[in-house]
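Here is how the chains run, residue by residue.
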Amino acid sequence: MAAVQVGGSPKNEPAREVPPDQSSAFRCLSARLCALRPDNSSSARTEIHLLFDQLISENYSEGGGVAPEDVCTLLVQACRLVPLNQNHLVSKVSQLIHHLLNRLQVIVDEQNLDFLLAYAISAIQQCSSWTHMEILQALAALVYCNGSKCQKYLPGLLGKSGILMKLSDLAQPDPEVRRAAVHCMANLCLSVPGQPYLEEPYPEICFWAFLTALQSPKSSDMDDITFCMKSMFHGLPGLNIELPTVLYPTPLPQYDGRPPVKPQQSESGASRPTASRKKKSKVKSKKIQQGEEEEEESSGEREVAPVAGLGREHLHEGDTPCSSSLGGQSLPVEGSGTAGKDRVPLPIRSAGWKRVSSSESDYSDAEGGMQSKMRSYQAKVRQGALACFLSTIKSIEKKVLYGYWSAFVPDTPELGSPQSVSLMTLTLKDPSPKTRACALQVLSAILEGSKQFLSVAEDTSDHRRAFTPFSVMIASSIRELHRCLLLALVAESSSQTLTQIIKCLANLVSNSPYNRLKLSLLTKVWNQIKPYIRHKDVNVRVSSLTLLGAIVSTHAPLPEVLLLLQQPCSSGLNSNSATPHLGTPDWWKKASSGPFLEEASVSSPKGSSEPCWLIRLCISTVVLPKEDSCSGSDAGSAAGSTYEPSPMRLEALQVLAHLARGYFSMTQVYLMELGEVICKCMGEADPSIQLHGAKLLEELGTGLIQQYKPDSTIASGQRVPVTLVVTFWTMMLNGPLPRALQNSEHPTLQASACDALSSVLPEAFSSLPSDKQILCITMLLGLNDSKNRLVKAATSRALGVYVLFPCLRQDVIFVADTANAILMSLQDKSLNVRAKAAWSLGNLTDTLIVNMETPDPSFQEEFSGLLLLKMLRSAIEASRDKDKVKSNAVRALGNLLHFLQPSHIEKPRFAEMIEESIQALISTVLIEAAMKVRWNACYAMGNVFKNPALPLGTAPWTSQAYNALTSVVTSCKNFKVRIRSATALSIPSKREHYGSVDQYVQIWNALVTALQKSEDTTDFLEFKYCASLRTQICQALIHLLSLASASDLPCIRETLELNGDMVQSFILQFLKSGAEGEDPRAPHSSHGRDQLVRRALEHVGSIQALAGDTARRAIMGFLEDILTVYFDSSGSQIALPELTSR
């Protein structure tokens, strides 16, 4: 961000050619000046005057061969020659300092700055007041980007009685001096990124000085307000402002006690209706060279100015970075993706504020120069306010910002009432395109990340209540934003502002809950944006595709969007849009004329003669040569390129990826055609095009996998046939995909290619030619040795996917090779690589369990015991890692302990490893880690209990394991973890596995306590798991009863005597309830729950009770009562006689 230097070249003056002798002329004059010695004679003063005039008259420019150190040396010598009692010479040397530093873009070094600052400060203190303006201009040039180097002078400048504080005070009669003083303060606050800021408390002193000036009654001179606003804007970086502890959506005077100033009539010109612009256009040609009218005429059509290297020279001219790129960046390097991720471009923060300079004599025109000048300054005040507002939005929390929502975002006006003033008022009515673009950027920043706030909106049903719910108010705001932005879209003529409108719409679409709103909002946006896809400005075309991508990615799949995608191609293209840049309705159909776009017959649209126009549009944008009608403004395309500019093609590929993710039923029709597009993209030289092609391939592969999942609701006849999927992947593997996997110069592309390769449909992989299968496996195993962490992480994940393929999981050699590769990645220094490797290790151990459950024991026999030991050791180490690694490491430990065969357990070297593994699981169950980690640890403990070969019940670790699980089931804050621990406690299948009577009773009592506390939570989100928790605890209690021994019964009876009614009521709920919130992994359905109680009753009845023990009878009576009540309530009496006779 650059502060402004007062004075400079005339507005809109093009950069002049540097004269070849510029540096030599400077050196000659500098040598003459340096040869002089201080002399008070009139002849010496005359010679100095002449030399200064010559130096000032030279039209220097940056890069003219004049070294910065030579400039500093000359200025120091000039100051030494001029005594402070010579006011005219002091004024002239000040002009020289300002002129040279400003024109040659010199930032004074620290050593010379010390001398020059001391001279300038002394000059202000000693010279006449008429010189103060020039001295302050020189001071502003000296301190530019040097605030942190002026520490010893800051008390004299910004202290309570500092020079700048006095000269900027409201009591200062000369407004030009006030403005120059405020300008000095602005340049003191300025710092470039990476450099130190001005130290406290001086930024805050400057801020309050700016704020005081802004809140003061407006004088007749508009320039004061303009420069104060500019200074406030530039002084914000690095500033810490003390805010009240509670913010209320009320005007600023609440906080500083200053009464609000009544608006004066002179402000009425700050905002004028759009209609007035038509009248001005008739006389615009006569005044095109000056004021706001020039900005209005040309700001939309100029080339985007570069942002990098912003300095003072960029800010000398009227078409500053702000004027040419507010509301739009130059061609983006990559597709902008979702609009929510677009950051507001830099130019709004580095707006080039127009300054008083010699060029402003242009405003001497008697017909209206002053009015034009005033309109220009008023527009800059609005732009400065918006720029400051944007900085504020970025620095405060969203929850604070949304308290002010209604102050800046329009609401649907009541019938007959006027529209409320909001940011949309500026967007629709402000005469300045730059101001409209600034307002849109602010609105975009408010909308960015607002999805959670807007998610409460709802208007699906007509509101007929005595009050308006908050959800209806937010829905009304969303509707009004749609309406106003679409109005602005139709009315706008500036390309840069158009780009901002469309980006703002994309932000709105990305964050609005259309599944809770009435239909038609997206339809209106869809139909309005269609014509702009052929706009002559490439930035408008790119942002239009971004908006379409936002539509097809928000809450996908939406029925409304599905209907829009199925519309005929010409629907909406002939709408009453104000944009004249329309092609013929079938312009995009050229996509089907290419020789390489031959669709397989099986993938042609069924029952529809109309293709999806959006898919065709994206395909044509990616693969077809650009049209002449658009080529003129495609500054972003490479020289000689026959295709659309890269940003357009990247955005089109992203839209295709969004469609594949959200609307695969539409995309699958073009599967083979898209495969050709991917091959073309991945075969190009541009890595970004290759990367987006690989991401599209991954989305298509994921869509195919989703279709074939067991829980998929898609009918088999509507799925893509496996034979076609095989053809598709064969084409990919015969194409450039293997080259992308081997492209070590572009590791990001390699990683994306690995992700794409992992999205192969398992059913199709088994049908691929054997050489292609070997190619995939060999590539992945080889890339696992990559030194790049992105590639290694992607490869580890892909191997974890492949090891689950049915055709590979019983291949002992492949599983062993994959295990070794994963274990190597688990030792990597990168956390991301280790996390992916741990996930893959969990998948690999899942494969071991699946293989163990097959009738063929060959896999278990052939799998290496040494490799099992290595896997156990690595999993134990990983269980001590970060939570991302730990959650899958404990899952792998549970599976490995479940997989161990008696032949392994008998070996001494395994015994120690088993003990260490179980201790790792116990500590993870109890540790205060992420809930996912503890859930996986409880799940793993349940897997350990499933292995009958382990000495559960007799081993020393048995009591520790049960104690850990009972602690979690009674006290863990997360109910899902409690459910999983209760499930683990119900897994052992024999009474001896529960250990001693004391251990058994402890588990029983813990489960009863957990049942009592099943509704005790302070977290509202946990209540939805209460039913599942009670279901699982009841199953565990009944399971324990069905295994109880005679010695256990007395303790069970004691518990039932104390809590029998509570337990009985919950078990009755368990029997009566359906599967509300039931864990899908639960072993028993709701229909067989009464059978569980029957079996428990039969088991207790079969126990040989000890002499004089009445516990057996009491427990049987308890169970019989439960069944009696249950059968009575369900109207069934069949089983009761049988039970009572027993």
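This section reports on the structure supplied with the text.

What counts and how
Residues numbered from 1 in each chain as written. Predicted model: local features only at pLDDT ≥ 70, side-chain atom pairs only at ≥ 80, totals over all residues. Heavy atoms only, no water. Helix = DSSP H or I, 4+ residues; strand = E, 2+ residues; numbered from the N terminus. Contact = heavy atoms within 4.5 Å. Areas by Shrake-Rupley, 256 points an atom, 1.4 Å probe, with all protein chains shown as cover. Core = buried A, V, L, I, M, F, W, Y, C linked by side-chain atoms within 4.5 Å. Buried < 20%, exposed > 50% of the residue type's maximum accessible area, 1.4 Å probe, protein only. Salt bridge = Lys/Arg side-chain N within 4 Å of Asp/Glu carboxyl O. Expected span 1.5 Å × (residues − 1). Polar contact = N/O pair within 3.5 Å; in protein donor to acceptor, adjacent residues only side chain to side chain. Phe/Tyr/Trp six-rings, centres within 6.5 Å; stacked < 30°, edge-to-face > 60°. Lys NZ or Arg CZ within 6 Å of the ring centre and 35° of its normal.

Notes on the overall build of the protein chain
Part 1: The helix and strand inventory of the protein chain stands at 54 helices and zero strands.
Part 2: Within the protein chain, contacts between residues separated by at least 24 positions form 76% of all contacts whose residues are at least 6 apart in sequence.
Part 3: As presented, the protein chain carries roughly 48,400 Å² of accessible surface, and 54% of it is formed by carbon and sulfur atoms.

A word on the nonpolar core
Part 1: Leu614 and Tyr802 are the most contacted members of the largest nonpolar core, which totals 250 residues.
Part 2: At 10 residues, the largest contribution of residues to this core is made by helix H51 (residues 1049–1072).
Part 3: Beyond its immediate stretch of four places on either side in the chain, Leu614 contacts Trp526, Leu548, Val552, Leu565, Val655 and Leu659.
Part 4: Core analysis: the next-biggest nonpolar cluster, separate from the first, contains 68 residues, Cys79, Val93, Cys150 and Met185 among them.

As for the pattern of salt bridges
If charged atoms from side chains of opposite charge come close, those side chains can pair.
Part 1: Under the counting rule described, the total for this entry stands at 21 salt bridges.
Part 2: Residue Glu673 is joined to Arg616 by a salt bridge in which the shortest nitrogen-to-oxygen separation is 2.5 Å. With a gap of 57 residues between them, Glu673 in helix H31 (residues 671–682) and Arg616 in helix H27 (residues 613–623) connect regions that are remote in the sequence.
Part 3: When its relative accessible area of 7% is taken as the criterion, Arg616 is described as buried.
Part 4: A salt bridge links Arg880 to Glu916, with the shortest nitrogen-to-oxygen separation between them at 3.4 Å. Linking Arg880 in the loop between helix H42 (865–878) and helix H43 (883–899) with Glu916 in helix H45 (residues 908–926), this pair joins segments that are 36 residues apart in sequence.
Part 5: The class of Glu916 is partly exposed, set by a relative accessible area of 31%.

Description of helix H20 (residues 433–447)
Part 1: With 15 residues, H20 extends 21 Å from end C-alpha to end C-alpha; this agrees with the ideal 21 Å at 1.5 Å per step.
Part 2: The buried fraction of H20 is high, at 15 of 15 residues.
Part 3: Just downstream of H20 lies Gly449, where phi reads positive at about 75 degrees.

Some details on the side chain of Thr970
Part 1: Mapped onto the elements, Thr970 comes out in helix H47 (residues 957–971).
Part 2: From its side chain, Thr970 meets the backbone oxygen of Thr966 in a polar contact 3.0 Å long.
Part 3: Among the polar contacts made by the side chain of Thr970, one reaches the main-chain carbonyl oxygen of Ser967 at a distance of 3.2 Å.

Let's talk about unusual backbone geometry
Part 1: A cis amide bond links Ala556 with the next residue in sequence, Pro557, at an omega value of -5 degrees.
Part 2: Note on placement: Pro557 falls in the loop between helix H25 (538–553) and helix H26 (559–565).
Part 3: Notably, Ser520 is not glycine yet its phi reads approximately 100 degrees, a positive angle.
Part 4: Along the chain, the position of Ser520 falls in the loop between helix H23 (495–511) and helix H24 (521–529).
Part 5: Ser520 gets classed as partly exposed once you look at its relative accessible area, which sits at 32%.
Part 6: The phi angle at His555 is positive, at roughly 50 degrees, despite the residue not being glycine.

Section: helix H38 (residues 789–802)
Part 1: A rise of 1.5 Å per residue sets the reference length of H38, with its 14 residues, at 20 Å; its end C-alpha atoms lie 20 Å apart and thus fit the reference within 8%.
Part 2: In terms of residue burial, H38 counts as a mostly covered element, since 11 of its 14 residues are buried.
Part 3: Of all the residues in H38, the buried ones are Val791, Lys792, Ala793, Ala794, Thr795, Ser796, Ala798, Leu799, Gly800, Val801 and Tyr802.
Part 4: Contacts made by the buried residues of H38 are with helix H35 (747–757), helix H36 (762–765), helix H37 (770–783), helix H39 (812–825) and helix H40 (831–852).
Part 5: You can read the cap of H38 off the contacts: a side-chain oxygen lies 2.9 Å from the backbone nitrogen of Leu790, and it is on Asn788.

Regarding the packing of aromatic side chains
Aromatic ring pairs: the centre-centre distance and the angle between the two ring planes describe each pair.
Part 1: A full pass over the atoms with the stated rule returns 18 aromatic pairs.
Part 2: Where Trp405 meets Phe453, the ring centres are 5.2 Å apart and the plane angle is 55 degrees; that geometry is what we call tilted. Residue Trp405 is found in helix H18 (residues 405–408), and its partner Phe453 is found in helix H21 (residues 451–454); the two are separated by 48 residues along the sequence. The pair formed by Trp405 and Phe453 is uniform in burial state, with each residue classed as buried.
Part 3: Residue class for Phe453 comes out buried when judged on its relative accessible area of 18%.
Part 4: One aromatic cluster is present, formed by Tyr402, Trp405, Phe453 and Phe470 through successive ring pairs.
Part 5: One residue, Arg80, lies across the ring of Phe115, its end atom 5.1 Å from the ring centre.
Part 6: One Lys or Arg, Arg719, reaches over the ring of Tyr708 and ends 5.2 Å from the middle of that ring.

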